[in-house]
Amino acid sequence: TDKELRTYYLKSRVSILPIKETLQPSGQSVALQSMSLKLPLIISSYSGFWDSDKFIKDKHLYIAENNIDLWSEIIEEIIEDKGSHIKNIVNKSKELIDSEFSLNTFKDNLFKVIGI
């Protein structure tokens, strides 16, 4: 259920999305859900990323090549973060989600398109 998924997110320290380069890449829903719950996100660098203009690497999320050593380094950095770097990233990603990807924003944009 949605409540169970939310519980899993809230118990997690990091959300990792190793996306395979395909004609129809996935991961957008999990990424947005993670960021909306202030969960640090690591996602693969891939050509189908849905909004690289708004989501900025190392500001809103971590974007990495599919290299296990690199992913391990980023995961360790997140888990061992003693300062405010991770907190800044998750706060900025949450702000972006709230301002650009909320249901109210979608509704307002939809109404503009259909002329209401």
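Criteria and cut-off values
Residues numbered from 1 in each chain as written. Predicted model: local features only at pLDDT ≥ 70, side-chain atom pairs only at ≥ 80, totals over all residues. Heavy atoms only, no water. Buried < 20%, exposed > 50% of the residue type's maximum accessible area, 1.4 Å probe, protein only. Helix = DSSP H or I, 4+ residues; strand = E, 2+ residues; numbered from the N terminus. Pairing = 2+ DSSP bridges. Right-handed = clockwise from strand over helix to strand, strands pointing away. Patch = residues over 30% accessible without salt bridge, like charges linked within 9 Å, V, L, I, M, F, W, Y side chains within 5 Å. Areas by Shrake-Rupley, 256 points an atom, 1.4 Å probe, with all protein chains shown as cover. Salt bridge = Lys/Arg side-chain N within 4 Å of Asp/Glu carboxyl O. Lys, Arg positive; Asp, Glu negative; His and termini not counted. Charge placed at Lys NZ, Arg CZ, Asp CG, Glu CD. Contact = heavy atoms within 4.5 Å.

Please explain the pairing of strand β2 (residues 41–44) as it appears in this structure.
Put simply, side chains in a regular strand alternate between the two faces of the sheet. Residues Leu-41 and Ile-43 of β2 are buried on one face, and the alternating residues Ile-42 and Ser-44, pointing to the opposite face, are buried as well. As paired elements, strand β1 (residues 15–17) and β2 share three bridges and run parallel to each other. Looking at the pairing, Ser-15 lines up with Leu-41 of β2. The parallel pair β1 and β2, bridged by helix α2 (residues 28–36), forms a crossover whose chirality is right-handed. Note that β2 and strand β3 (residues 62–64) share three bridges and pair parallel.

Can you walk me through a negative patch on the surface in this structure?
On the surface, a cluster of negative charge is made up of Asp-69, Glu-73, Glu-76 and Glu-80. Within the element layout of this structure, Asp-69 appears in helix α3 (residues 68–80).

Quick question: what am I supposed to make of the environment of Val-30 here?
Position of Val-30 among the secondary structure elements: in helix α2. You can call Val-30 partly exposed: its relative accessible area is 30%. Expressed as a C-alpha distance, the spacing of Val-30 and Ile-16, which sit 14 residues apart in the sequence, is 9.4 Å. Other than its neighbours up to four places away in sequence, Val-30 contacts Tyr-9, Ser-15 and Leu-17.

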